[in-house]
Amino acid sequence: MKEYKMRRGEYLEERIPDMESTVEEYFGPITDTHEFRGSDLFLIEEPDNPVFEKIIVGAVEYSGKKDKLAVEFHERDPTELGPDELEAAGEAVDAKNDFLLEATGRDAKSRRDSMKRKVEDDPDHDF
């Protein structure tokens, strides 16, 4: 599960006031919930895009800190995809990036840079 921070001064609930409908718009109908760190996240067991096997997404609440977006994309093995489904792979990447940009206000490059800084700042990380 990856967790994403918002840009400085921004909050997830301001960027996406209705998480449920936004998730359904991007990925398909929500079928269940999944507990993660005390928060209930949305589970999409049959996403609209055939590249995804399932998706878990939602807001993780922390007391005294800003909420973070938690996302876990389960994707099918590309070697198992048929020709029509391979076309959907590009759409899957676009859907992920568009959703994460809308939710966090950060593009793919700044999200990668943020993840790198998190690893570099981790005191338990061995170099």
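Residues numbered from 1 in each chain as written. Predicted model: local features only at pLDDT ≥ 70, side-chain atom pairs only at ≥ 80, totals over all residues. Heavy atoms only, no water.

**Student:** Looking at this structure, how should I read helix 3 (residues 83-104)?
**Tutor:** Owing to its 3.6 residues per turn, the α-helix aligns residues three or four sequence positions apart on the same side. Between its first and last C-alpha, helix 3 extends 33 Å over 22 residues, near the 32 Å set by a 1.5 Å rise per residue. Those residues of helix 3 that fall on the buried side of the exposure criterion are A88, A92, A95, K96, F99, L100, A103 and T104. (Helix = DSSP H or I, 4+ residues; strand = E, 2+ residues; numbered from the N terminus. Expected span 1.5 Å × (residues − 1). Buried < 20%, exposed > 50% of the residue type's maximum accessible area, 1.4 Å probe, protein only.)

**Student:** Quick question: what am I supposed to make of the environment of E102 here?
**Tutor:** Following the sequence through the fold, E102 ends up in helix 3. The exposure class of E102 is partly exposed, given its relative accessible area of 30%. Look past the residues within four positions of E102 in its chain and what remains in contact with it is R15, I16, T22 and Y26. (Contact = heavy atoms within 4.5 Å.)

**Student:** What is the right way to read the pairing of strand 3 (residues 39-44) from this model?
**Tutor:** For a regular strand, the rule is simple: side chains alternate between the two faces of the sheet. When you tally the buried positions in strand 3, you get 5 out of 6 residues, the bulk of the element. Here 5 bridges tie strand 2 (residues 32-36) to strand 3, and the two strands are oriented antiparallel to one another. By the bridge assignment for strand 3, T33 is matched with F42. (Pairing = 2+ DSSP bridges.)

**Student:** How should the sheet that holds strand 1 (residues 2-4) be read in this particular structure?
**Tutor:** Sheet strands associate in pairs through backbone hydrogen bonding, adopting either a parallel or an antiparallel arrangement. Here 5 strands make up an open sheet; going across it, the order is 1-5-4-3-2 and the pairing antiparallel. For this open sheet the edge positions go to strand 1 and strand 2, each flanked by a neighbour on one side alone. Going across the sheet, the axis of each strand differs from the next one's by a mean of 25 degrees, ignoring polarity. Contacting strand 3, strand 4 (52-60) and strand 5 (68-75), helix 2 (residues 19-27) crosses the sheet at an angle of about 25 degrees to strand 3. Most of the contacts of helix 3 go to strand 5, to which it runs at about 175 degrees, and overall it touches strand 1, strand 4 and strand 5. (Axes fitted to C-alpha atoms, helices over the stretch in contact; angles between N-to-C directions.)

**Student:** Is there a simple way to explain the packing of helix 2 against helix 3 in this structure?
**Tutor:** The geometry of helix 2 relative to helix 3 is characterised by a closest axis approach of 10 Å and an angle of 160 degrees between their N-to-C directions. Taken as axis vectors, helix 2 and helix 3 run roughly antiparallel relative to one another. The chirality of how helix 2 crosses helix 3 is right-handed. Note on element contacts: helix 3 touches helix 2 through A95, K96, D98, F99 and E102, opposite M19, T22, V23, Y26 and F27. Classifying every residue of the contact of helix 2 with helix 3 gives 6 nonpolar, 1 polar and 3 charged. (Parallel < 35°, antiparallel > 145°, perpendicular 65-115°, else oblique. Left-handed = near helix turned anticlockwise from the far one by under 90°. Nonpolar A, V, L, I, M, F, W, Y, C, P; charged D, E, K, R; others polar.)

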